[in-house]
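Observations on chain architecture
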Amino acid sequence: MVQVNGLAGHEHDFYDYVAQTDWMGGNSYYSNLEEAGSYWFNGMVPTGVLVDSPTIKAQTQAFLDYVLDHQDSTGWLGPEVNTTKPRYLWGRYPFFFGAIQMVEADPTLTDRVVPAMQKFVALANTMLHNGEGLEIWTQTRWEDLVMTLQWLYDFHPNGQEDLLIDTMKQLKYTGDPWEDVFSLEYFPKTAVEDLPNPFSPLTWHGVNMAEGLKALPSTYRFTHNQSDLDAASTGWDLLFEYHGRPSGIYAADEYLAGLGAVRGTELCLVVETMFSGSYLYQVIGDPKFADRVERITYNALPATLTGDMWSRQYLQQQNQIAAKNMTPNPFPLDGPYSNVFGLEPNYPCCTVNHPQGWPKFISNAFVTTPDGASLVHVYLGPFQTSTTLANGKNKVTATVNTTYPFSDTVTTTIQAAKAFTYYVRIPSWVSKGTISVNNGKAAAVSPQNGLHAVKVPSGITTLTLNLPADITIESRPNNSIAVHRGPLHYAFDIARSQKVLTRNAQQPLAADLEFDATTAWQYAIDPSTLTFHPGTATSKLPSPIFDSGLPPFTISVMACPIVWNEAGDTFAASPPSNPACTGAAKNITLSPYGSTKLRIGEFPTFTMTK
């Protein structure tokens, strides 16, 4: 509910690109790509469904109705109808994702939505054959329409199978070659601002790469080439090896940015990578995708929003000592306002696109096996699902009671009409995990390909997982380290002052905020002294939880002050490789990264003298 009570849940009330969107006959848009309204729709459909908000569901229904009511005779959908605006395909793709989710939530909409989509597909096919509707953004993001076409093919082909497959192929063949972009031969291994790109420059754009991760798994459906899946998996690994962050995400302050701790990561990139990672897991089945999506969700996503989710950044930093109008600015291709927490710092896209992050993570938390006979619990958290398994014969509900990721215990109550096999993901970081059934004796978990199987009888079954984890150290550039335990990355939470830079005239809660450090942050840590503190066990966490001092989990470590240079007062230099202590060592506290808004997440090290 924090998102609903925050910026995302109120954009329709006051934010011009939503309240006056040209998708519903208004005059507001920020790009001729026409993504503002469709981005909002794509994120708010699952938000409204999950919290069962009559207000949000009415807003998204009105949006859907207007767009479908104004489809023109050619089949075109969107704000270009009855205008002279250029007709580019891309802006429709988020709309289709939203429309699909509405049909899945309310099947009575099928007969209204599917014919409109099929009519558009016929038009899009002709346009693609004629080289129309394409521009450089559409050519990088073609996979989103392929996924839409496959949904139609699987559930509502209406005799148009050949047209759907031909359109998929046209999208691939007129689009950027992701199999080459993600190859070892061409993949960039450093920040790219000074590198020549052998493909479209936009293939190294951070958000495009996040979306492009879905491309090859989507084409596998019709190419049947194992090489597509292999290239997608390799690309995923390369992306995080050469540009990854301990927060789970990768760096791209517009374009891929390497490993430097002060380079930025765009919020749109975060939510798009979460969605793509879920799709990759469902297609390929490698648990590495699910593990990373969970890390991103519980670290990188909340770190770049204020706790109440009213203000967001354009770019977050792994080591972030200020959030302000930055001069000097460490982002070669983004503006100095990029890491301010606000309504639309630097660019408005993340304001309308970020709402898809949490609800799509939750809606992908459970999946069924390909035969439809079993339920798989993928993402751990306090979620619930109800579904029917085994050809409509087995009604199943699973309810998860947990404060994970701020607890190691996950209790799931399953109600089933018939016996079936239940699978639960055991993350790779779990050490000596156990499971008990109906309060019986705990047994060691034994996952296969990341999944632990439980034979569940009809009736009610309770599963209790205990998923402890060790503190682990990740090596980072300049001999620095990052600290993890379980799904959470830990950082030094820098105490901050807050200055309101501006408030929205219609909605004063939508404010641009400057944060400055009010305490020293220049520390080296001794990793041998890291100690985990679970806090007091509780069945209810504060809400919001992702803000300073609120999570119960912390890690303590001995640290000493060091000389660590900064540029102006806006960003820290790279961590010094072999710093000398300039004062006495003391104990400092590390907090979950997602709760920090100013932080050090990559530390120099020292060794305590005995």
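Here the structure is shown first, and the text comes after it.
Conventions we followed
Residues numbered from 1 in each chain as written. Predicted model: local features only at pLDDT ≥ 70, side-chain atom pairs only at ≥ 80, totals over all residues. Heavy atoms only, no water. Helix = DSSP H or I, 4+ residues; strand = E, 2+ residues; numbered from the N terminus. Buried < 20%, exposed > 50% of the residue type's maximum accessible area, 1.4 Å probe, protein only. Contact = heavy atoms within 4.5 Å. Lys, Arg positive; Asp, Glu negative; His and termini not counted. Charge placed at Lys NZ, Arg CZ, Asp CG, Glu CD. Pairing = 2+ DSSP bridges. Axes fitted to C-alpha atoms, helices over the stretch in contact; angles between N-to-C directions. Disulfide = S-S within 2.5 Å. Parallel < 35°, antiparallel > 145°, perpendicular 65-115°, else oblique. Left-handed = near helix turned anticlockwise from the far one by under 90°. Nonpolar A, V, L, I, M, F, W, Y, C, P; charged D, E, K, R; others polar. Phe/Tyr/Trp six-rings, centres within 6.5 Å; stacked < 30°, edge-to-face > 60°.

Moving on, we come to the overall build of the chain. Looking only at helices and strands, the chain features 18 helices and 27 strands. Principal axes of the C-alpha set define a box for the chain whose edges measure 80 × 60 × 50 Å. Counting all 610 residues of the chain, 61% fall into the buried class. The long-range share in the chain, meaning contacts at least 24 apart out of those at least 6 apart in sequence, stands at 70%. Of the charged side chains in the chain, 37 are positive and 56 negative, and the gap between their average positions amounts to 8 Å.

With that settled, the discussion passes to the sheet that holds strand β7 (residues 375–377). Spatially, the four strands line up as an open sheet ordered β6-β7-β11-β14, and their pairing is mixed. A single partner strand is all that each edge strand has here, and the edge strands are β6 (366–368) and β14 (451–456). Sheet twist, expressed as the mean angle between neighbouring strand axes with direction ignored, is 25°. Note: β6 against β7, three bridges, orientation antiparallel. When the bridges of β7 are listed, T368 appears paired with L375.

A few words now on the state of the cysteines. One pass over the full model with this rule turns up one disulfide. This cysteine, C268, is not joined by any disulfide, and C350 carries the nearest cysteine sulfur, 3.1 Å off. Take C350: its relative accessible area is 0%, and that puts it in the buried class.

Take the sheet that holds strand β9 (residues 394–401) next. The strand order β8-β9-β10-β15-β12-β13 describes an open sheet built from six strands, whose pairing is antiparallel. With one partner strand each, in any of the chains shown, β8 (384–389) and β13 (443–444) form the two edges of the open sheet. In terms of strand pairing, β8 meets β9 through six bridges, oriented antiparallel. What sits directly across from T385, in β9, is A398.

With that settled, consider unusual backbone geometry. The omega torsion across T327 and P328 is 5°, close enough to zero to call that bond cis. Structurally, P328 can be placed in the loop between β5 (322–323) and α17 (349–353). Look at the link from S543 to P544: it is a cis peptide, with omega at 5°. As for its position among the elements, P544 is in the loop between β22 (531–533) and β23 (554–561). Here the phi dihedral of D52 falls at roughly 50°; this positive angle occurs in a residue that is not glycine. Mapping D52 onto the fold places it in the loop between α4 (36–51) and α5 (54–69). For N478, which is not glycine, the phi torsion reads 65° and is therefore positive. Position of N478 among the secondary structure elements: in the loop between β16 (471–476) and β17 (480–485).

Moving on, we get to the packing of helix α7 (residues 110–129) against helix α10 (residues 161–174). Running from amino to carboxyl end, α7 crosses α10 at an angle of 45°, the nearest separation of the two axes being 10 Å. The pairing of α7 with α10 is recorded here as oblique in orientation. Here α7 runs over α10; the crossing is left-handed. The segment α7 lies against α10, with Q118, V121, A122, N125, L128 and H129 engaging L163, L164, D166, T167, Q170, L171 and T174. Counted by class, the contact of α7 with α10 contains six nonpolar, six polar and one charged residues.

Let us look at the packing of aromatic side chains. Applying the stated criterion across every chain, the model contains 35 aromatic pairs. A centroid spacing of 5.3 Å and a plane angle of 25° characterise the contact between W178 and F182, whose relative ring orientation is stacked. When its relative accessible area of 0% is taken as the criterion, W178 is described as buried. Both rings, one in F420 and one in Y422, keep their centres 6.4 Å apart while their planes meet at 80°; by these two values the pair is edge-to-face. Three or more aromatic residues joined by ring pairs form one cluster here, namely W23, W40, F41, F63, W76, F95, F96 and F120.

A word on the packing of helix α13 (residues 215–223) against helix α14 (residues 226–243). In the contact formed by α13 and α14, the axes pass within 8 Å of each other and the chain directions differ by 175°. In terms of axis orientation, α13 runs roughly antiparallel to α14. Contacts from L216, P217, T219, Y220 and T223 of α13 reach α14 at Q226, D228, L229, A231 and A232. Of the residues that constitute the contact of α13 with α14, the class distribution is six nonpolar, three polar and one charged.

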